[in-house]
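A closer look at the structure
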There are 4 protein chains.
Amino acid sequence: MSGLSPSQRRVVEQVERLTTSSIAPLAARYDGEGTNPVESWRVLWREGFLGAAIPKAYGGLGLDMPTYAAVIRTIARGCANTAMTVHMHSTVMRFLEALGTEAQKRKYFAAVVRDGTLFGSWGSEPAVSLSRTFLMETSVRRHPDGWVVDGVKHFCTMALGAGYYLIWCALDGEPDMAKGLLQVLVPASTPGVETDGKWNTLGMRATFSPSVKLNRCVVGADAALGQPGAATTVGVVESFGLGYAAIYLGIAEAALEFAIDYAKKRIVKPENVPVAQDPTVQRHVGELRAHVDAALLVLAESAADWEQSDMVQRGLLANKAKYLATEVSLDVTSKIIQVVGGRGAYKDYLVERAFRDVRTATLMPPTVDRMLEAIGKSALGIDTPMFRFGSGPQGA
Amino acid sequence: MSGLSPSQRRVVEQVERLTTSSIAPLAARYDGEGTNPVESWRVLWREGFLGAAIPKAYGGLGLDMPTYAAVIRTIARGCANTAMTVHMHSTVMRFLEALGTEAQKRKYFAAVVRDGTLFGSWGSEPAVSLSRTFLMETSVRRHPDGWVVDGVKHFCTMALGAGYYLIWCALDGEPDMAKGLLQVLVPASTPGVETDGKWNTLGMRATFSPSVKLNRCVVGADAALGQPGAATTVGVVESFGLGYAAIYLGIAEAALEFAIDYAKKRIVKPENVPVAQDPTVQRHVGELRAHVDAALLVLAESAADWEQSDMVQRGLLANKAKYLATEVSLDVTSKIIQVVGGRGAYKDYLVERAFRDVRTATLMPPTVDRMLEAIGKSALGIDTPMFRFGSGPQGA
Amino acid sequence: MSGLSPSQRRVVEQVERLTTSSIAPLAARYDGEGTNPVESWRVLWREGFLGAAIPKAYGGLGLDMPTYAAVIRTIARGCANTAMTVHMHSTVMRFLEALGTEAQKRKYFAAVVRDGTLFGSWGSEPAVSLSRTFLMETSVRRHPDGWVVDGVKHFCTMALGAGYYLIWCALDGEPDMAKGLLQVLVPASTPGVETDGKWNTLGMRATFSPSVKLNRCVVGADAALGQPGAATTVGVVESFGLGYAAIYLGIAEAALEFAIDYAKKRIVKPENVPVAQDPTVQRHVGELRAHVDAALLVLAESAADWEQSDMVQRGLLANKAKYLATEVSLDVTSKIIQVVGGRGAYKDYLVERAFRDVRTATLMPPTVDRMLEAIGKSALGIDTPMFRFGSGPQGA
Amino acid sequence: MSGLSPSQRRVVEQVERLTTSSIAPLAARYDGEGTNPVESWRVLWREGFLGAAIPKAYGGLGLDMPTYAAVIRTIARGCANTAMTVHMHSTVMRFLEALGTEAQKRKYFAAVVRDGTLFGSWGSEPAVSLSRTFLMETSVRRHPDGWVVDGVKHFCTMALGAGYYLIWCALDGEPDMAKGLLQVLVPASTPGVETDGKWNTLGMRATFSPSVKLNRCVVGADAALGQPGAATTVGVVESFGLGYAAIYLGIAEAALEFAIDYAKKRIVKPENVPVAQDPTVQRHVGELRAHVDAALLVLAESAADWEQSDMVQRGLLANKAKYLATEVSLDVTSKIIQVVGGRGAYKDYLVERAFRDVRTATLMPPTVDRMLEAIGKSALGIDTPMFRFGSGPQGA
């Protein structure tokens, strides 16, 4: 929490208490079942955290980016699935703030603040690789009652848990996203929303992100956000990546702390000393600690610079934080199992889940190759195309 | 299969057919259930492969080490759990051949060849870290009926599936293993063998390796193998590591081939070209392929040099093969998920299980640090202490 | 320069101008000749920078640690040898401030501020490995005229360029450094100081650091600093490492910027586009940029926390910054040559020298293994022995 | 030398003796001076090794590829510059054998066998990046006396030492290399061959590879080899890479052995034990040894498969060997300096030169990215464009 003011810290400490007492204890169960962490959402909602990214004027916490990133990271230390779903939801809130009309804001923010409704964001599609080309085949068209949405989405996080789904569409099937991209808020109860509910994955199991068919779904006139093409120009889509970085690092920190605690307590014979006294264990822990700390500093700096940065700069800030968090968290969650040893593979131990969750969560676009390309272009003074986005892991 | 003769290749091709047709299709189920791959064992038994390491004179296949390593690796491509359990069992066969009396060999080899009995090998214990010090607290003592065994073992692979367990004991609790180490074959049905049956792990789930309490277990006079202290002097314990290397590489190869196949078939819009055309995918595949091939050559060379090598050299051969296989397989099974993308985390896909199995299986002792130390000592002309061994993942 | 105030920035900008205009242009020549960068020292002296670490009350700049680290790093971007020698000298100034009497301070600080005298610090010895055990065989004894010093030192930076050498001695040959360590300032002109002047190395050639024999060197009573054993208890020795980190990163930054500039300007046929347009070049640059930025943040944070940290914490701050700077700078200066291509090996190009200087400068103790051990111990809650120190590269 | 027959080994042992006795002792001097290793060539010539790749029918040794690779690697252990220049020369011999007329073979092979003449091969040009596009701007045209060559070449190895230069040209400036590529043997004494003789580099200094201007150089009718476009279709250009791999590994092995020897002999106080007893040193040595051994096996396998492989397969064999040798040799020569410690940077020690030579020699095309792409394409079943070639480091 370096760099946070006392009042920012208080918010983080509040969510830390909630996480430790009420969210972390449920994490293994939700992971096992592969169902959305509904009780954890409720805990967060009761203390206002579903409105973390909603402006105060609408009843939210209106957290600045450094506090927000620290909050998401803190939740991830206890339950990566809760952190990921709340981050998705919060990013929809940012789109609403940036693109919504006053009436839309009042309506949808109230659903969150008053009713605890979650909002999903679905971008991925079966035939497109978002990490390669940003393209939507799901179409939205005018309809006497408002809009009609048709298409198939993949990696539909919170498919049966959210109240609204922010569907990334092409207006009238327009293939040029700069002209046709339109985000439409589809209520979960809309006729025509169909899913086979298949979601059985390595990790991030409680995001419950099956494929969903949107079968001529008719929604109201106030379902569409902003002008066509506007969604990727308001400096919001970039914040997906910053939150991912916070989640990866939160998981990595929790795994590292578990291993440190284990190494301090595990006594081995015949010396009867803790494993922590083994110089090779010390070196592994030292290496992981140093790299986690460096990535945390980059995350904190990216968050601190967010507000005063334009869209292009935000892309770079997010990419740097996400790239380093990706590398570090994959490394930490794998090596730490070796530090713990055979027991590191037990499902009773947090590191087992951390290993699965990080490998899964780091599949969210953009890929490492695309991030490096973008960071490199920026360093080389080349105008960088926008940060690639989506609501689920990158589909290759 | 570079370096194998036509007759050696035929054996490998035979097990390849069995694996593809009858073993691989069951792998996901055994993994999910966490139960021993009993049907796969039967398939292998019917064609003689449970006797892979049993001399021909006793009805076994009497495979030389290059063929044996290729067989284990081939099975691992289809089911890591089957490969691991069969390798454990086969290593017990090697101990029997090296240490058993003629009567013991006849009796126990027949149980395998004729009845399809599996043999487990249990070394790990709760309070000791085998990767640090080789020490057994489980004791064996003389008894009017033969021997009595007392102790607790961890990571007891095939605890409810094998017919016999090779228990690593200290004779009369002697702490100096050079004097007191004694391996005792305990029938699974022996009164006093107790387990809570808890085994819920990241991967290698179908090895089913819970903790077992040996509660004053009385066994016959012919249960103990060889003279006290002899077990680690006969050049057999080193072969654990060589087989592990074969298993890690088999899993890695299968994962790589899955990803290659996926990249060739997965077409993305709007270009409508396979993912295989992406230069970044090509480079990742190229890097993994090159490293897998190098590790395979080292494995083949270690296996080829086995027969004419003494105990110390075998330790080095096993360490080099296992070290490189560890690094490569961890790298391949993690990176390949990124190559596949979001779908790489689906449980339907082989790479998901490969990722979990490799991270778990590579916890088998010795640790990377100990292997490097041993290889380095050898390069530096320092007499290297014996290869560390055990029947389960290293307990840190 | 993130985190620096306007007035701190002005100091850094001042030294940046000096470096660009007067220090960098001489770097290749000093490197080629292997002689101390005497003219560069003079340039720095004229604007007060030889007194960077001397308190204002004694005519120095009295820079705080963040500004100091930025100054050293900035000089290193132009000439690593100048940065290293000035950092050595400045660290002697810190010892003087911490341990010297008022009379000593007045005398020695004046030699710097008024006369431009440099001070070396010699710790390494032929038979000891500082990275393993901190032990001095060079002895100091009382003498009617003050003190007499006897011994042999290795890696004696500025052996023919400094006016005084801070010799790390054992009082009366006491092997327990906690009781016997004593630093003695030996004037360069003292009879008995002998060197064969051999210093022909890969990089850091202009530090000119040959072996020196101190042959019954008699010095005055005011030559010894502080009480025996005090030198490593005042939180100064740790600052060696922080400065090293600044130097490594300064070199890496300069190399990276050279390569970026090269990639932007180098046009290749037949496409007639700059190399910067190559996606593989972009990714390499992106990766290096991200890691350099992370290491810079860690350096900045370590410097910012310096003042309020105790000796143990300073050791950790220095180790983290130095460890990351070591890894990053070795990686950057090697990979960047590949980015530049064949011309990257030309001596006309800065990256050739950067590659040699980083590999050499990162040999300064403590080694990577010791740093990781220390960071790990701290993370594991184990009291960490002091930061290892010395005046030259670690002697293995 | 695993896999070599007794008669093959005898050849390697012969060149090993020459290297140890007469070539290695001169290496530091040639490196320092940056002049061709003329005396080392003479030593090799006297025992026939300049004809290593010349068929026996023409007085050469006619070595098969495994023996040839072992010979080059052995020379590189003593002097990388000798190995590189002899390998360049030998590859020209292979082109001659593949493309030359009987008269050309007789003439040019005799110049080698009888007179000890060296042949250079110059492909690189200032404005083209061979690692990106294979394109020659140097033109060759018909002339009453034979041919006339015009152009500028970079990285002209042996510019003042060889008797003939194989110039890679475009016939009549044809930009399509498949139609126009023509190799022309230009005698060193030809009027119009001009060089400023500038070659001052990090490493590989004694290859002496300045830029050369070919200023309307008229050569005889028998100077051109084969039909236009043929040069890259005969399975020879691929052997550049295999020899590079042998050179990189030879340097790495020598550096590793130096460090091992050093660690065994260097005793440190106060323990008075060799550095080789330090577990961290053991682990570093173990890691490097394991990776060098793996790369050596890949090199040996690639060489063993050479004869029966077609052009495309040879490209893959060369790329795998060169890629692994590149990574391993860069890693070994950098880390080994850390193992040796401060003295590792001394020019008196072999590791200093090894570090510079490997970083320079590994710049030879193709780049790591291109090799990985090619290996990956092959694994993905995509027809791979030919191995990129050239006579000097890749120009980016």
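About the cut-offs
Residues numbered from 1 in each chain as written. Chains lettered and ligands numbered in written order. Predicted model: local features only at pLDDT ≥ 70, side-chain atom pairs only at ≥ 80, totals over all residues. Heavy atoms only, no water. Helix = DSSP H or I, 4+ residues; strand = E, 2+ residues; numbered from the N terminus. Rg over C-alpha atoms; globule rule 2.2 N^0.38 Å. Contact = heavy atoms within 4.5 Å. Areas by Shrake-Rupley, 256 points an atom, 1.4 Å probe, with all protein chains shown as cover. Lys, Arg positive; Asp, Glu negative; His and termini not counted. Charge placed at Lys NZ, Arg CZ, Asp CG, Glu CD. Expected span 1.5 Å × (residues − 1). Buried < 20%, exposed > 50% of the residue type's maximum accessible area, 1.4 Å probe, protein only. Least-squares fit on C-alpha atoms with pLDDT ≥ 70 in both. Salt bridge = Lys/Arg side-chain N within 4 Å of Asp/Glu carboxyl O. Polar contact = N/O pair within 3.5 Å; in protein donor to acceptor, adjacent residues only side chain to side chain. Core = buried A, V, L, I, M, F, W, Y, C linked by side-chain atoms within 4.5 Å. Disulfide = S-S within 2.5 Å. Pairing = 2+ DSSP bridges. Buried area = accessible area lost by both parts, 1.4 Å probe. Nonpolar A, V, L, I, M, F, W, Y, C, P; charged D, E, K, R; others polar. Axes fitted to C-alpha atoms, helices over the stretch in contact; angles between N-to-C directions. Parallel < 35°, antiparallel > 145°, perpendicular 65-115°, else oblique. Left-handed = near helix turned anticlockwise from the far one by under 90°. pLDDT = per-residue confidence, 0-100. Phe/Tyr/Trp six-rings, centres within 6.5 Å; stacked < 30°, edge-to-face > 60°. Lys NZ or Arg CZ within 6 Å of the ring centre and 35° of its normal.

Quick word on the overall build of chain A
Secondary structure assignment for chain A yields eleven helices and ten strands. At 21 Å, chain A has a C-alpha radius of gyration in line with the 21 Å of a compact globule built from 396 residues. Seen along its three principal axes, the alpha-carbon backbone of chain A occupies a region of about 80 × 45 × 40 Å. Sequence-distant contacts, at least 24 apart, represent 74% of the contacts inside chain A between residues at least 6 apart. Carbon and sulfur atoms make up 51% of the accessible area of chain A, which amounts to about 12600 Å² in all. Once the 41 positive and 40 negative side-chain charges of chain A are each reduced to a mean point, those two points are 3 Å apart.

Side note on helix α7 (residues 239-265) of chain D
Its 27 residues give α7(D) an end-to-end C-alpha distance of 39 Å, which sits within 8% of 39 Å, the value for a rise of 1.5 Å per residue. Taking burial as the measure, the 27 residues of α7(D) include 22 buried ones, the bulk of the element.

Some thoughts on the relation of the copies chain D and chain C
Each copy superposes on the other: chain D lies on chain C with an RMSD of 0.0 Å after a rotation of 180° and an axial shift of 0.0 Å. The transformation just described matches what one would write down for a two-fold rotation axis. The C-alpha atom lying nearest the rotation axis in chain D is that of D:R356; the distance is 4.0 Å. Comparing contact sets, 100% of the residues at the interface of chain D also lie at the interface in chain C, consistent with an isologous, same-surface contact.

A short note on the pattern of salt bridges
Counted according to the given criterion, the structure contains 94 salt bridges over all chains. Between D:R356 and D:E352 there is a salt bridge, with the nearest N and O atoms lying 2.8 Å from each other. One end of the pair, D:R356, and the other, D:E352, are both in helix α10 (residues 350-361), four residues apart, so they sit about a helical turn from each other. Residue D:R356 is classed as buried on the basis of its relative accessible area, which comes to 3%. Through salt bridges with shared partners, one network takes in A:R283, C:D369, C:R370, C:E373, C:K377 and D:D278.

Some details on the side chain of A:E352
In this structure A:E352 comes out as buried when scored by relative accessible area, which is 2%. Engagement of the side chain of A:E352 in a polar contact is seen with the side chain of A:K347, the distance being 2.9 Å. Residue contacts for A:E352: discarding those within four places in its chain leaves A:G344, A:A345, A:Y346, A:K347, B:T201 and B:L202.

Things to note about the nonpolar core
Judged by nonpolar contacts, the single largest core of 576 residues is most densely connected at A:V184, B:V184, C:V184 and D:V184. Leaving out residues up to four positions away in the same chain, C:V184 has contacts with C:V140, C:V149, C:Y165, C:L166, C:I167, C:C169, C:V219, C:A223 and C:A224.

Side note on the state of the cysteines
Residue and element names in this part refer to chain C. Within the structure shown, the criterion is met by zero disulfides over all chains. In this structure C156 is not part of a disulfide, and its nearest cysteine sulfur, from C217, lies 11 Å away. What makes C156 buried here is its relative accessible area of 0%.

Details of unusual backbone geometry
For the bond from B:P365 to B:P366, the omega torsion is 0°, close enough to zero to count as cis. With respect to the helices and strands, B:P366 occurs in the loop between α10 (350-361) and α11 (368-379). Looking along the chain, the bond that leaves D:K269 and enters D:P270 is cis, with omega of 0°. As for its placement among the helices and strands, D:P270 is situated in the loop between β9 (267-268) and β10 (273-274).

Topic: the environment of A:T232
Following the sequence through the fold, A:T232 ends up in the loop between β8 (224-225) and α7 (239-265). In this structure the C-alpha to C-alpha distance between A:T232 and A:L182, which are 50 residues apart in sequence, comes to 9.7 Å.

Considering the pairing of strand β7 (residues 212-220) of chain D
All names here are of chain D. The pairing of strand β3 (residues 146-153) with β7 spans seven bridges and is classified as antiparallel. Each bridged residue has a counterpart across the sheet, and for V149 the counterpart in β7 is C217. Pairing of strand β6 (residues 193-195) with β7 involves three bridges; the strand directions are antiparallel. Within β7, the residue paired with T195 across the bridge is V212.

Description of the interface of chain D and chain C
Across the boundary between the two partners, chain D contributes 54 residues, which contact 54 residues of chain C. Of the roughly 4400 Å² buried where chain D meets chain C, counting both sides, 53% is carbon and sulfur surface. At the junction of chain D with chain C, the criterion picks out four salt bridges. Counting every contact that joins chain D to chain C gives 20 residue pairs in polar contact (both at pLDDT 80 or more). Counting residues per element, the ones that place at least two in the side of chain D that touches chain C are β9, α8 (279-306), α9 (311-340), α10 and α11 (368-379) of chain D. Examining the composition of the side of chain D that touches chain C, we find that seven residues originate from one element, α9(D), more than from any other. Each residue belonging to the side of chain D that touches chain C can be placed in one class, and the counts come to 24 nonpolar, 14 polar and 16 charged.

Section: α8(D)
Residue and element names in this part refer to chain D. Here α8 is 28 residues long and its end C-alpha atoms lie 40 Å apart, about the 40 Å a rise of 1.5 Å per residue gives. Of all the 28 residues making up α8, 20 are buried; the element is thus mostly covered by neighbouring parts of the structure. For α8, the N-terminal capping position is held by D278, with its side-chain oxygen 2.8 Å away from the main-chain nitrogen of T280.

Topic: the packing of helix α3 (residues 65-78) of chain A against α7(A)
Residue and element names in this part refer to chain A. The interhelical angle for the contact between α3 and α7, taken along N-to-C directions, is 45°, at an axis separation of 7 Å. With respect to each other, α3 and α7 are oriented oblique. Crossing of α3 against α7: the hand is right-handed. Along the contact surface, α3 presents M65, A69, I72, R73, A76 and R77, while α7 presents S239, L242, G243, A246, I247, G250, I251, E253, A254 and E257. Grouping the constituent residues of the contact of α3 with α7 by class yields nine nonpolar, three polar and four charged.

What about the pairing of strand β5 (residues 181-187) of chain C?
All names here are of chain C. The buried count for β5 comes to six of seven residues, which makes it a mostly enclosed element. Relative to β5, strand β4 (residues 164-171) is paired through seven bridges, and the arrangement is antiparallel. Bridging across to β5, A170 finds its partner in L181. Taken together, the two bridges between β5 and strand β8 (residues 224-225) define a ladder with antiparallel strand orientation. Among the inter-strand pairings, V184 is bridged to a residue of β8, identified as A224.

Quick word on the confidence of the model for chain A
All names here are of chain A. Taken over all residues, the pLDDT of chain A has a mean of 94, while the share at 70 or more is 96%. Predicted confidence is poor over residues 387-392, with pLDDT under 50, and the contacts of this stretch with residues over four places away or in other chains come to 41 contacts. Of the two predicted TM-score estimates for the complex, the pTM is 0.96 and the ipTM is 0.95.

A word on the packing of aromatic side chains
Tallied over the entire structure, the rule returns 70 aromatic pairs over all chains. Ring centres 5.2 Å apart and planes at 50° place the aromatic pair A:F258 and A:Y349 in the tilted group. With a gap of 91 residues between them, A:F258 in helix α7 and A:Y349 in the loop between α9 (311-340) and α10 (350-361) connect regions that are remote in the sequence. A:F258 gets classed as partly exposed once you look at its relative accessible area, which sits at 23%. Each residue in the set A:F95, A:F134, A:W168, A:F240, A:Y244 and A:Y248 is aromatic and connected to the rest through ring pairs, giving one cluster. Lying across the ring of B:Y30, B:R29 places its NZ or CZ 4.9 Å from the centre. If you follow C:R94 out to its NZ or CZ, it ends over the ring of C:Y68, 4.5 Å from the centre.

Re the environment of B:E253
Residue and element names in this part refer to chain B. Summarising the element assignment, E253 is placed in helix α7 (residues 239-265). Using a relative accessible area of 4% as the deciding quantity, one classes E253 as buried. Taking C-alpha positions, E253 is 18 Å from G241, a pair spaced twelve residues apart along the chain. Among the polar contacts made by the side chain of E253, one reaches the side chain of R73 at a distance of 2.6 Å.

Structural notes on the side chain of B:T67
Checked against the element boundaries, B:T67 lands in helix α3 (residues 65-78). Ignoring anything within four residues of it in the chain, the contact list for B:T67 reads B:Q8, B:V11 and B:V12.

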